[in-house]
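Descriptive structure summary
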Amino acid sequence: MNNGNLIYERNRLTLRYTHGNKCDLSLENRESTLIHFYCNLTGDIIGSGPIFIQRWPNCMHEFRWYTSAACSSAQLYHCQMSITDQNTGKQYDLSSLVKSNGGWLAVNAKSPSNQIYYINVCRSVQGVMGCPNSSKSCLIINQQGKNKSRIFHNLGRISKGIKIENGLLSLFYTHGDICSDGSSRKTTRIMFTCKYGVKNAPVFISHENHCHYYFLWIHEAACPVQSAAGENCRIKNPLSGHIFNLNSLYNPNQDYIVTDRKGHAFNINVCGPLNVNYCSNQSANCQFYQTNHTLRYNCGRVNKILYYHAGQLFFNYSDGDLCHGLHHRSTIITFICSPNITIGRPIFINESRQCVYSFIWPTKLACEEQTECLATNPNGSMVDLSPLTRNQGGWKVYNVQNSIGIDKKIYINICKALNPVENLRCPAGSAACAILPRSNLTVNLGGFDHPAKIDPDGSIILRYAQGSPCSADTSRNRSTLIIFTCRMGSIGYPVLDLNRSDSCQDTIWWRTNRACTSKQSKWNSCWIHNAITNSMYNLSRLNQFSESHYVIQSSYGLIYLRICDTVQNLALSKSECAGASVCLAQNGSSLSLGSVDSSLLTILDRDILTLQYFNGSVCSKNSSQRISTTIILICDKNGGNGKPILITQDDDSCEFNFIWKTKYACSLHYQNECTIRNRNGQFDLSPFSLMGSDWKWVDAKGNRYWLNLCDPIRNRPQGCLPSAAICMQDRNEINTETLGLTWSRNFSPSNRDQSVVTVSYAFGAPLCQRRNQSATTAIHFSCDSRISKPKLLQFDMTKCRAQFLWPSILACKRQHGPLPDNDCIITVDQQTGIFFNANDFALPSNNWNITVTTNYGKNSTLFINVCKNLNALNRNSSCVDSSACIVESDGIHHQIGSSTMHREFYMRNHNILEMILPTKHRCRPGTNKTITTVIFFRCDPDQYLGQPNFVYESQDCKYILVWPTLLACYFSEIKNLNGTVITATDNTTGISRDQARNHVTIIVIVVSAFIICTLSTRLLVFWRNNRKNVLFMR
């Protein structure tokens, strides 16, 4: 009879069916069936089927059944999610990528769009309709034509955990469905790569003969783990920003009682004191004997410090009572993610010899499941919105229509609940939140619980539902509708649409490049332009550190690879590899793995490029095919040049696949490119830009500004976009707005008075009245005798444009080429004979020294001696033969100006003399610019020699100093009282220090006498006029 109950006993599952027919062997019994289920990891769900063992005298039929369905989660999911790199000592933990239900939808950029991939980390994709329950990687094929059925493939279900192979963090799944060869089984390899602040979806990259499948996953969860400690039972994951809060585990009425099966019991509570006072009012864990309650021990003092390490949360309660007279008792409680347990309770694990009591506590409060942010279409196309997800704060929604009475502030996050926002207390779990006008109350506008969808018109719809009750209609809850539409080149901003909103639902429009589906690009074999993000990639720089080729070891032989060119090897160039970009050398022969003339460069996904070489040698297993190579290039800004790693070599499909992490796969605006080029020519911003830092200033109204001319702002305030070039924060430090993005910069000749050039930035926040009108910024550079910071001129609301004026010596134009230099005596003007003797600033036995703080915050001393070698510095240092040197606080010397290399002098407008002291040291790899000291001598009548003032270190490694001095005043023409011109000297030999003093004295006497005479004459006239007036009045 079908009355069986599944029983777990003695580590075995048993199913019994009773009350069958009468037993022919024993009239007292009836026929029954007993089935023992055994775990079989290598089988499928059905497994072996029932295997008959025997029939017992009591008419019980006994069977055995081997199946993976009988495997416990510990057996089925015996998958190590953390690992330590033995070479670097760094730890990795992927537990936050585990999905308790369903799986991750992978971006499919290579297979037909009717193929959909789902993967999970160390768990099955159970919950994905149609996929086998045991599958950890699943392929769904939507059949085309009239028969629109779906086919499901298990791509792997058994794993031993993550490994580090060839420097890549990898997860392998085996024992999938049978491959087409009839013997092999399908497998999956997921390769993870770290990128802080990025939560991309996994990307399917290739397969070998539809049997072995490869995925790439760029995610911050693949970065080395970091430890943290938080107060008040709260802690933030330092990588993802997720906040764990365990305060709800505290039970104010009753402690948790746990036994250890040895006669001991424990009173435990967390995030607060125990309810019983057996041990101490400061105890977090009180141990007692079950048979003798008078024997009690404090096993750790209560605290609210929650620790996070390697994906685990734990409390450490220390300083308890003495144990065996040697150690103080302590308690460690580790919290385990268990999605189906709300609160849970502690479970005793063990007691160490040092009297450390260990417990685990399963609870969903310890879970941090990463959210998926893919918008899908029934036809298989998808858009990844995860770049819009914020780990800190949220997005401010702009009300550009500015309707009267509608002044509520709305904040949203994408595919995730809002993070804490300053001065905003949003209800827990809200993905959209509003501050109501006048009352300042916060309202939940909905939470994220359903994925985004792609509408037939191409727009992407994301709905947040189940917010706070709607006061206008008590039958409804507040909700939010976010509509994304494509806008090439800009990430855009969310904007409130009042016309489509009502009292219970807010509608938000967001025009952004993240909603664009077609990757329209211009390319050749070495560079590619992404029209969606308006970014450029140039791979030719990968050859600058390799004279001929890269060499990769493989099981077939040595592989020679050269990007954008043929391999430069004389022996190979005369072989089968002539014209090849990739060549395999084996046993004295060679094979072309792809020709430079048959290449294709594409954008696979954000920060991932694919470079393919086709038309190699004829494939040995299929003469109709030729060998090809695919190189997956991943942007790694801190990875240097990197090197290609061979990940697959498929004999059947004759395809070789590489992964290459390098900074040269990043878009150019990540590469410190600081020269703007357009039809007006080019303008180099690097001398105006700070090395490793940002310009910061405050305007007259107290508003604060951050500016970086070359790169996105490094130390940006919260609310400033990651790609922002300039941001403004109000004086109350509440609202922060982006006024322009780095990649949008442009320049033009200025049409303002006294301005040399105007640099502009676009795609700022929509701050103005007109719908979706983004703020722009114009910075007008003007020539000045000083170096100052930008000054706000006005904010033009009609054009939504912020205007700044930036006076600077660097904006003064050079009047002509280098000035004649005769042993540091510089001829300034050959017609008048004016010269400048820089030797006057040379010190015979000392150096000019300046205490400086570099842009990176280091305290250093700058030594300088104009036209001479530095005096009394360490002769063994790198500052030998130097005129300028930086000495850091730890004693390290850096030459920043050579005394032996050719120096140069220039006159700039505004009568500024520029002195350049070069070095041979490169500014940074990959650039021709060298470290240089630049001194600007400017006129200051109050300082005779004056002294050098360090201003800043520029982006192109220039140490910029301004030197005010009286000796620089003689570059100007001096007019006498009659209006004629006199120069600083009346001979052709220039002026010396003594002559300078004499000329100044004469001029001062003449001017003083003239002023005295003028004043005396005016006083006499004034006295006579007043006397006449007095006489007339009489």
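Residues numbered from 1 in each chain as written. Predicted model: local features only at pLDDT ≥ 70, side-chain atom pairs only at ≥ 80, totals over all residues. Heavy atoms only, no water.

**A closer look at the overall build of the protein chain**
Looking only at helices and strands, one finds 3 helices and 79 strands in the protein chain. Here the protein chain, with 1034 residues, has 50% of them falling under the buried criterion. Sequence separation of at least 24 residues holds for 50% of the intrachain contacts in the protein chain that already meet a minimum separation of 6. Surface accessibility of the protein chain: about 50,100 Å² in total, with carbon and sulfur atoms responsible for 49%. (Helix = DSSP H or I, 4+ residues; strand = E, 2+ residues; numbered from the N terminus. Buried < 20%, exposed > 50% of the residue type's maximum accessible area, 1.4 Å probe, protein only. Contact = heavy atoms within 4.5 Å. Areas by Shrake-Rupley, 256 points an atom, 1.4 Å probe, with all protein chains shown as cover.)

**Examining the sheet that holds strand β70 (residues 859-864)**
On the basis of which strands lie adjacent, the open sheet formed by 4 strands has the order β69-β70-β71-β72 and antiparallel pairing. Strands at the two margins of the open sheet, each flanked by one partner only, are β69 (848-853) and β72 (893-898). Going across the sheet, the axis of each strand differs from the next one's by a mean of 20°, ignoring polarity. Strand direction decides the pairing type here: β70 and strand β71 (residues 882-888), joined by 5 bridges, are antiparallel. Bridge assignment links F863 to a residue of β71, and that residue is C885. (Pairing = 2+ DSSP bridges. Axes fitted to C-alpha atoms, helices over the stretch in contact; angles between N-to-C directions.)

**Things to note about the sheet that holds strand β58 (residues 704-707)**
Reading across from one edge, β57-β58-β59-β60 is the order of the 4 strands in this open sheet, with antiparallel pairing throughout. The open sheet is flanked by β57 (695-698) and β60 (736-741), the only strands paired with a single partner. Adjacent strand axes in the sheet meet at a mean angle of 15°, parallel and antiparallel pairs treated alike. The pairing of β58 with strand β59 (residues 724-729) spans 4 bridges and is classified as antiparallel. Residue pairing across strands places L707 opposite I726, the latter belonging to β59.

**Some details on the confidence of the model for the protein chain**
When pLDDT is averaged along the protein chain, the result is 80, and 82% of the positions lie at 70 or above. No element of the protein chain has a lower mean pLDDT than strand β79 (residues 981-982), which averages 33, and none a higher one than β58, which averages 95. Note that pLDDT drops below 50 for residues 973-997; the model gives that stretch 34 contacts with residues more than four away or on any other chain. Confidence over residues 999-1004 falls short of pLDDT 50; this stretch has 6 contacts with residues more than four positions distant or in other chains. (pLDDT = per-residue confidence, 0-100.)

**Some points on the packing of aromatic side chains**
Counted under the stated rule, the structure contains 40 aromatic pairs. A centroid spacing of 5.6 Å and a plane angle of 15° characterise the contact between F315 and Y317, whose relative ring orientation is stacked. On the basis of relative accessibility, which here comes to 0%, the residue F315 falls in the buried class. Y317 gets classed as buried once you look at its relative accessible area, which sits at 0%. Plain terms: the ring middles of F448 and Y464 are 6.4 Å apart, the flat faces sit at 85° to each other, and that makes the pair edge-to-face. Here Y464 lies in strand β39 (residues 460-464) and F448 lies in the loop between β37 (442-444) and β38 (453-454), a separation of 16 residues in the sequence. Overall, Y464 belongs to the buried group, its relative accessible area being 0%. Linked through ring pairs, Y256, F315, Y317, F335 and W361 together constitute an aromatic cluster. Stacked on the ring of W395, the Lys or Arg R390 has its end atom at 3.8 Å from the ring centre. The ring of Y906 has R814 sitting right over it, with the charged end atom 3.8 Å from the ring centre. (Phe/Tyr/Trp six-rings, centres within 6.5 Å; stacked < 30°, edge-to-face > 60°. Lys NZ or Arg CZ within 6 Å of the ring centre and 35° of its normal.)

**Quick word on the pattern of salt bridges**
Within the structure shown, the criterion is met by 14 salt bridges. Among the salt bridges present, the one from E165 reaches R189, with a minimum N-O distance of 3.8 Å. Separated by 24 residues along the polypeptide, E165 in strand β13 (residues 162-165) and R189 in strand β15 (residues 187-194) bring together distant segments of the chain. The salt bridge partner of D711 is R714, with a shortest N-O separation of 3.0 Å. Each member of the salt-bridge network shares a partner with another, and the members are D24, E31 and R55. (Salt bridge = Lys/Arg side-chain N within 4 Å of Asp/Glu carboxyl O.)

**With respect to unusual backbone geometry**
Within the chain, N209 stands out as a residue other than glycine whose phi angle is a positive 55°. Relative to the assigned elements, N209 resides in the loop between β16 (203-208) and β17 (212-219). With a phi close to 60°, C415 is a non-glycine residue in the positive phi region. Looking at where C415 falls in the secondary structure, it is placed in the loop between β35 (409-412) and β36 (432-435). Classification of C415 by relative accessible area gives buried; the value is 2%.

**Description of the environment of C122**
In this fold, C122 is placed in the loop between β10 (115-119) and β11 (137-142). Taking C-alpha positions, C122 is 10.0 Å from S137, a pair spaced 15 residues apart along the chain.

**Thoughts on the state of the cysteines**
Cysteine pairs can be linked by a disulfide, which is a covalent bond between their two sulfur atoms. A full pass over the atoms with the stated rule returns 20 disulfides. Here C426 is linked by a disulfide to C433, with a sulfur-sulfur distance of 2.2 Å. Its S-S torsion of about -95° marks the bond between C426 and C433 as left-handed, since a negative value means left-handed. A relative accessible area of 25% places C426 in the partly exposed class. Judged by relative accessible area, which is 0%, C433 ranks as buried. A disulfide bridge connects C879 with C885, and the sulfur atoms are separated by 1.7 Å. Residues C879 and C885 are joined by a disulfide whose S-S torsion is about 60°; by sign, that bridge is right-handed. For C885, a relative accessible area of 0% translates into the label buried. (Disulfide = S-S within 2.5 Å.)

**Topic: the nonpolar core**
Ranked by internal contacts, the top residues of the largest apolar core, which has 39 residues, are L385, I412, I414, I460 and F484. Of all the secondary-structure elements, those providing two or more residues to this core are β34 (395-397), β35, β36, β39, β40 (479-486), β42 (505-512) and β59. (Core = buried A, V, L, I, M, F, W, Y, C linked by side-chain atoms within 4.5 Å.)

**With respect to the side chain of D956**
With respect to the helices, strands and loops of the structure, D956 is situated in the loop between β76 (949-953) and β77 (958-965). In terms of polar contacts, D956 uses its side chain to reach the side chain of S954, at 2.4 Å. A polar contact is formed between the side chain of D956 and the side chain of K958, at a distance of 2.7 Å. Beyond its immediate chain neighbours, meaning those up to four positions away, D956 contacts D684, S686, P687, C923, K929 and T930. (Polar contact = N/O pair within 3.5 Å; in protein donor to acceptor, adjacent residues only side chain to side chain.)

**Brief notes about the pairing of strand β50 (residues 599-605)**
For β50, a buried count of 5 out of 7 residues is recorded, marking the element as mostly surrounded by other parts of the structure. As paired elements, β50 and strand β51 (residues 608-613) share 6 bridges and run antiparallel to each other. Each bridged residue has a counterpart across the sheet, and for S599 the counterpart in β51 is Y613.

**Structural notes on the environment of I190**
Locating I190 in the fold gives a position in strand β15. I190 sits 25 residues away from F215 along the chain, and the two C-alpha atoms are 4.7 Å apart.

**Concerning a nonpolar patch on the surface**
On the surface, I51, I53 and Y66 cluster together into a nonpolar patch covering about 220 Å² of accessible area. The residue Y66 is located in strand β5 (residues 60-67) in this model. Owing to a relative accessible area of 30%, Y66 belongs among the partly exposed residues under this scheme. (Patch = residues over 30% accessible without salt bridge, like charges linked within 9 Å, V, L, I, M, F, W, Y side chains within 5 Å.)

**What to know about the environment of D502**
Mapped onto the elements, D502 comes out in the loop between β41 (494-496) and β42. It is 10.0 Å that separates the C-alpha atoms of D502 and R478, two residues lying 24 residues apart in sequence. Within the structure, the side chain of D502 is placed 2.8 Å from the backbone nitrogen of C504, a separation counted as a polar contact. A polar atom in the side chain of D502 sits 2.6 Å from the backbone nitrogen of Q505.

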